[in-house]
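Results of the structural survey
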Amino acid sequence: MISGPILALDGVSKSYGDVLAIDDVSLNIAVGEVFALIGENGAGKSTIVKMMSGEIAPSRGTIRVLGEKVAFSSPRDALARGISVVHQHYALVPDFTVAENFALGTAPLGRLDRSALNRRIRTLAASVGVEIDPDALVGSLDVAGQQKIEILKALAREPRFLILDEPAAVLSPEDADRLFLAIERIRRQGISVVLVTHRLADVFRICDRVAVMRMGRLVVEGDVTNFAPEDLISLMMTGERGAALPSQPCARAATATAARGDTPVLQVRDLELHRANGSVAVRSMSFDLAAGEILAVAGVEGNGQTELVRSIAGLERQACGSIGFSALEGELSSHSPQALRQAGLAHVPEDRIHDGIVLTQSLAENLLLGHLHHPAFVRKGVIRRDSVVRQTTQVIQDYGIRTTGPMQPIGRLSGGNQQKLVLAREFMNDPCLLLAAHPSRGLDIRTSALVQGLLIEHRDRGAAILLVSADLDEIWAIADRVIVLSDTRMHGPVPIHETTRQEVGAWMAGH
Amino acid sequence: MDGRALNDSTQASAGHTSTARRLSPEARAAILTLVGGALALAGLILLAGESPARVLTLMLREGFLTLNGLGAAATRAIPLCLIALGLAASFRAGIYNIGADGQLAVGTAVAVACAGSVAGLPFGTGIALLLIAAMLGGAAWGAVAGLLKVRFGANEIVTTIMLNYIAANVIGWLVRGPIQEPMRMFPRTARLPEILRLPILFEGTRISAGLIVALLAVVILWFLLTRTRYGFSLAVMGLNSSAARFSGLSRGRLTGGVLALSGAMAGLAGIVEVLGLHGRLQEGFAPGFGITAITVALLARLNPLLIPVAALGLGGLYVGSAAVARDTAVPFPLVSIIEAAVIFGFLLISVLRRKA
Ligand SMILES: Nc1ncnc2c1ncn2[C@@H]1O[C@H](COP(=O)(O)OP(=O)(O)OP(=O)(O)O)[C@@H](O)[C@H]1O
Ligand SMILES: [Mg+2]
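Residues numbered from 1 in each chain as written. Chains lettered and ligands numbered in written order. Predicted model: local features only at pLDDT ≥ 70, side-chain atom pairs only at ≥ 80, totals over all residues. Heavy atoms only, no water.

1. With respect to the overall build of chain B
Quick note on the threshold: The numbering of helices and of strands both runs from the N terminus, where a helix is a DSSP run of H or I of at least 4 residues and a strand a run of E of at least 2. The rule is simple: take the accessible area with a 1.4 Å probe, protein chains only, and divide by the maximum for that residue type; under 20% is buried, over 50% is exposed, in between is partly exposed. Here the Shrake-Rupley method, with its probe set to 1.4 Å, supplies the accessible areas, and only the displayed protein chains count as covering residues.
Assigned secondary structure in chain B consists of 14 helices and 0 strands. Reading the helices (α) and strands (β) of chain B from amino to carboxyl end gives α-α-α-α-α-α-α-α-α-α-α-α-α-α. Within chain B, the proportion of its 356 residues that are buried is 51%. As displayed, chain B has an accessible area near 15800 Å², and 70% of this comes from carbon and sulfur atoms.

Shown next, in the form of structure tokens:
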């Protein structure tokens, strides 16, 4: 029988140049426990995860596995000791199939036994209760699909110690439930799990112990039962228990706002949506989106949300149906994405890393990316560097982005802080039509509230907002009307106050 | 706003264990390869009956340390620099133009064919028109690859290589047929009139006013690539083409445009070589420049300001190698191997410096 912690951090610090990302953290994780690691964006959670999994080495301090001091020089070393990790940003090869991505790094040299591999993936998926097609190209899957593969991949390695960095952020509630059941199951087999999350409900639901990080330091660690949700929120935000918390977000402004106009900004008629693989996602959908309203699109991911948003953004052309955008003449599809943006369309993409930012470029450059035709930023084709940098500095302040400055490459920011910059960019210049796909995904409580507040502010200013969200709480907090996509059909739109969560839940389940 | 420069610094710190003491496995492998390669090379030189030390010193001395050698290196650097500038633009955008040789040939041929009709113009005007003609010709040849890529999704690496063969054969036919010199002795055109020649800048060297063209081009391309919306858009497309699309950039237009741009630079290099050095179009007047320029662009890490330095370095290596082939028993193919080894060593050192 093993006694003592399976994994221990002892006075671990990590600095990047002048940035002290982790400052003297000590943690013990016992065998068979589910350990929550929480904290605001940029608190250092992912950095801890990367040190545990051998991706980066600590600048100071030691890591012990089962009492033995280790110095991982690569994730492979950690894997050899049974440590398996699902990163916040996935590392899948888009041009490979699901099965090939599975084989990557685990399959022995020689011929790949595809049928055995496919069988194994199917069994594994069935044991967790998710559906996965081993032959699908990873690049054709949405983020939730990719997340599921990463999780299955980590489980397939039969780890002794599993680390999950915000695994549930992109999953539908049903899939998140399944994931938690799977965690319960492996915990009973004596496997330890570290779970990084922004959702306190998850902490109380499946975790035994919790550690709160704040600005690179460990604030507190203890049994989950010792804390109330308010304690944890307060600890994350201020480092102390029982501090006065900022008032809850956006006490729902009056729904019928003055800004709400009658002419729709967006008119969708008889639109048929096809997935990348050609299958029908939605047979026919029609709705109007007026100025000054937030229309939420709910539903389990993969039911056409991605395709809907892309079609409206001018990135994908649909065979049937029409889309009209009041700012431009004629069919929306007859305009280039560039023209749409210049006419006032903004788009927060669902896959931030892939579609939203350029990791190696600076914050300033990433801010400029959405506004290449804005006279304040580019005059006569020449970039006005000072003005871009000044605006970025402003945005960093307004959104509380944790960074060393506007010239830092955005890839060095924590996930949540990257998202803040994307949001700032898309909110800039007051768009008249905003497509927001999971805007508060990966954001901490404080920033989610900020974002929801901003969405309401822009709605009240008169923007038309299409909000894609898997989070019913968010929808109920800020949306005016909701539609649900499920099983090739569209339900609604209905005003939020004329429906119930039960009804929406039933629609999502396809009834 | 130099995307590429940021890129480099990111890679520097994104390595796994960035401990200064321990070398990463890749670095160790690279050093082993280099040491092994150097030993093998020394062995080969010994086999050829020469002392490795003598060969190396001769190469470096003749290429860089004598005034004559330096002049020759600079002469060779001018076209390399011009081509590499265009390639840097296209590589930054993630478009791998391997067709500079073809674009150079077509651009030059177009310009030389126009030479007769501009010879009567005042000094300078005719030259300027020829430079423009060559750029247009090169751009058109580059745009063919662009069109194939945008319309049919054809990989530009394949198409530009294919277009090189077509261009080489068409030029071969032209200089043996329609535009061959009146004597019909060699595969070349007649000598161009003096008024169309680029003047020599320094007495006793062969460095022509093409040097000014090249240096101007460095400044212009530097500005274009690092300070303008166009350059920024290219960099974004190269670094994350999906994000480029989502932000509204038209990838088709950028791709076609940058292939035309790098074709134009190759055409310019060709005509500068003709007007400044040879005075006529002859077959094989720019042997493999398009490929060498790839090395130049990569050594300069696609930074326009470093490209002239890298071009001079490769020019010097070429001149030094010629001296080695002339003065020692080492045959020319072996000289190319030495050249490659020197470049490889340089790259290795710069990789290690970045890791540290
Ligand atoms: N390569 C790097 N270079 C410089 N700073 C870095 C680097 N990686 C991380 N950091 C900094 O370390 C801090 C912690 O980042 P980390 O990704 O661990 O945060 P996090 O708690 O996971 O946040 P989130 O909830 O947003 O994912 C951040 O301020 C980040 O800017
Ligand atoms: Mg993180």
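2. Points about the site of ligand 1
All names here are of chain A. What counts here: Consider each residue's heavy atoms; a residue with any of them within 4 Å of a molecule or strand counts as near. Pairs of N or O atoms within 3.5 Å make up the polar contacts considered here, provided that, within protein, one atom can donate a hydrogen while the other can accept it, and that residues adjacent in sequence are counted only when both atoms are side-chain atoms. Each residue gets one label: Ala, Val, Leu, Ile, Met, Phe, Trp, Tyr, Cys and Pro are nonpolar, Asp, Glu, Lys and Arg are charged, and the others, such as Gly, are polar. The split of the chain into domains comes from an automatic or database domain assignment.
Near ligand 1 there are 20 residues, and of these Lys45, Ser46, Thr47, Ser414 and Gly416 occur at the shortest range. In this structure, Arg412 approaches ligand 1 through a main-chain N or O atom, which is 3.1 Å from an oxygen atom. Within the complex, 93% of the 640 Å² of free accessible area of ligand 1 lies under protein. A per-element tally of the shell around ligand 1 places helix 1 (residues 45–52) first, with 3 residues. When grouped by side-chain class, the residues that make up the shell around ligand 1 number 4 nonpolar, 11 polar and 5 charged. Looking at which domains feed residues into the shell around ligand 1, each of domain 1 (7–238) and domain 3 (356–428) supplies at least three.

3. A word on the environment of Val395 of chain A
All names here are of chain A. The test is simple: Should any heavy atoms of two residues lie within 4.5 Å, those residues are counted as being in contact.
Mapped onto the secondary structure, Val395 falls in helix 13 (residues 385–399). Here Val395 falls in the buried class, since its relative accessible area comes to 4%. Put simply, Val395 and Ala424 are 29 residues apart on the chain and 6.6 Å apart in space, counted from C-alpha to C-alpha. With near-sequence residues (within four places) excluded, Val395 lies in contact with Leu367, Gly400, Ile401, Leu421 and Ala424.

4. A word on a nonpolar patch on the surface
Applicable threshold: Only residues whose relative accessible area exceeds 30% and that form no salt bridge enter a patch; like-charged residues are grouped when within 9 Å of one another, and nonpolar side chains (Val, Leu, Ile, Met, Phe, Trp, Tyr) when within 5 Å. Here, a salt bridge means any side-chain nitrogen of Lys or Arg that lies within 4 Å of a carboxyl oxygen of Asp or Glu.
Taken together, the side chains of Tyr96, Ile157, Val158, Ile161, Met162 and Tyr165 of chain B define a hydrophobic patch exposed on the protein surface, amounting to about 550 Å² of accessible area. Locating Met162 of chain B in the fold gives a position in helix 7 (residues 156–174).

5. Describing helix 8 (residues 210–227) of chain B
Residues and elements named next belong to chain B. Where we set the bar: Every helix has an expected span of 1.5 Å times one less than the residues it contains. It is the directions from the helix axis to the C-beta atoms that the arc portrays.
Between its first and last C-alpha atoms helix 8 spans 25 Å; for 18 residues at 1.5 Å apiece the expected length is 26 Å, and the two agree. Here helix 8 has its buried residues at Gly210, Val213, Ala214, Ala217, Val218, Leu221, Leu225 and Thr226. In a view along the axis of helix 8, the buried residues occupy a sector of 155°, so they form one face of it. Residues of helix 8 that are exposed and point more than 90 degrees away from the buried face comprise Leu216, Val219 and Ile220.

6. Some points on the domain arrangement of chain A
Many analyses report the size of an interface as the accessible area lost when the parts associate. Residue and element names in this part refer to chain A. Note the cut-off: Computed with a 1.4 Å rolling probe, the buried area is the accessible surface lost when two parts are put together, summed over both parts.
Domain boundaries assigned for chain A yield domain 1 (7–238), domain 2 (246–344 + 431–511) and domain 3 (356–428). If you look at the interface, domain 1 gives 17 residues, while domain 2 gives 14 residues. Taken over both partners, the interface formed by domain 1 and domain 2 buries close to 1300 Å², and the fraction arising from carbon and sulfur atoms is 56%. Sorting the residues of domain 1 by area buried against domain 2 places Asn41, Asp142 and Met237 first, and these three jointly supply 34% of that buried surface. For the pair domain 1 and domain 2, the interface holds 1 salt bridge. Salt-bridge contacts for Glu40 lead to Arg446; the nearest nitrogen and oxygen are separated by 2.9 Å. Put simply, the parts of the chain that give the side of domain 1 that touches domain 2 at least two residues each are helix 5 (143–156), helix 6 (173–188) and helix 8 (229–238). With 3 residues, helix 8 is the single largest residue contributor to the side of domain 1 that touches domain 2.

7. Examining the side chain of Asn118 of chain A
Residue and element names in this part refer to chain A. Relative to the elements of secondary structure, Asn118 occurs in helix 4 (residues 114–128). The class for Asn118 is buried, based on a relative accessible area of 12%. Residues within four places of Asn118 in sequence aside, it is in contact with Ala99, Pro134 and Asp135.

8. Details of the nonpolar core
Here is the rule we go by: For our purposes a nonpolar core is just a set of buried Ala, Val, Leu, Ile, Met, Phe, Trp, Tyr and Cys residues, chained together by side-chain atoms within 4.5 Å.
With 141 residues, the main nonpolar core has Leu455 of chain A together with Leu82, Ile271 and Leu275 of chain B as its most contacted residues. A total of 13 residues in this core trace back to one element, the largest contributor, which is helix 4 (residues 67–92) of chain B. Here this core spans two domains, and each of domain 2 (246–344 + 431–511) and domain 3 (356–428) of chain A adds at least three residues to it. Core analysis: the next-biggest nonpolar cluster, separate from the first, contains 50 residues, Ala125, Leu200, Val224 and Phe227 of chain A among them.

9. As for the pattern of salt bridges
Residue and element names in this part refer to chain A. Here the structure, examined in full by the defined rule, presents 27 salt bridges over all chains. Here Arg209 makes a salt bridge to Glu33, at a shortest N to O gap of 2.7 Å. Of the two residues, Arg209 is situated in strand 9 (residues 209–214) and Glu33 in the loop between strand 2 (19–29) and strand 3 (34–39); the sequence distance between them amounts to 176 residues. Glu184 serves as the salt-bridge partner of Arg187, at 3.4 Å between the closest nitrogen and oxygen. With Arg187 and Glu184 both in helix 6, this residue pair falls 3 residues apart, about one helical turn. Of the residues examined, Glu184 reaches a relative accessible area of 22% and is grouped as partly exposed.

10. Here's the deal with the packing of helix 8 of chain B against helix 11 (residues 251–278) of chain B
Residues and elements named next belong to chain B. Operational definition: Interaxial angles span 0 to 180 degrees and are taken between N-to-C directions of axes, which are lines fitted to C-alpha atoms, for helices over the stretch in contact. In this scheme, roughly parallel covers angles under 35 degrees and roughly antiparallel covers those over 145, while 65 to 115 is roughly perpendicular and the rest are oblique. In this scheme, a crossing is called left-handed if the near helix is turned counterclockwise away from the far one by less than a right angle; it is called right-handed if the turn is clockwise.
Interaxial distance between helix 8 and helix 11 falls to 11 Å at its minimum, and their mutual angle equals 165°. Between helix 8 and helix 11, the angle falls in the class roughly antiparallel. The interaxial crossing formed by helix 8 with helix 11 has left-handed handedness. Between helix 8 and helix 11, the contacting residues are Gly210, Val213, Ala217, Leu221 and Leu224 on the first element and Leu261, Met265, Leu268 and Val272 on the second. Across the contact of helix 8 with helix 11, the residue classes break down as 8 nonpolar, 1 polar and no charged.

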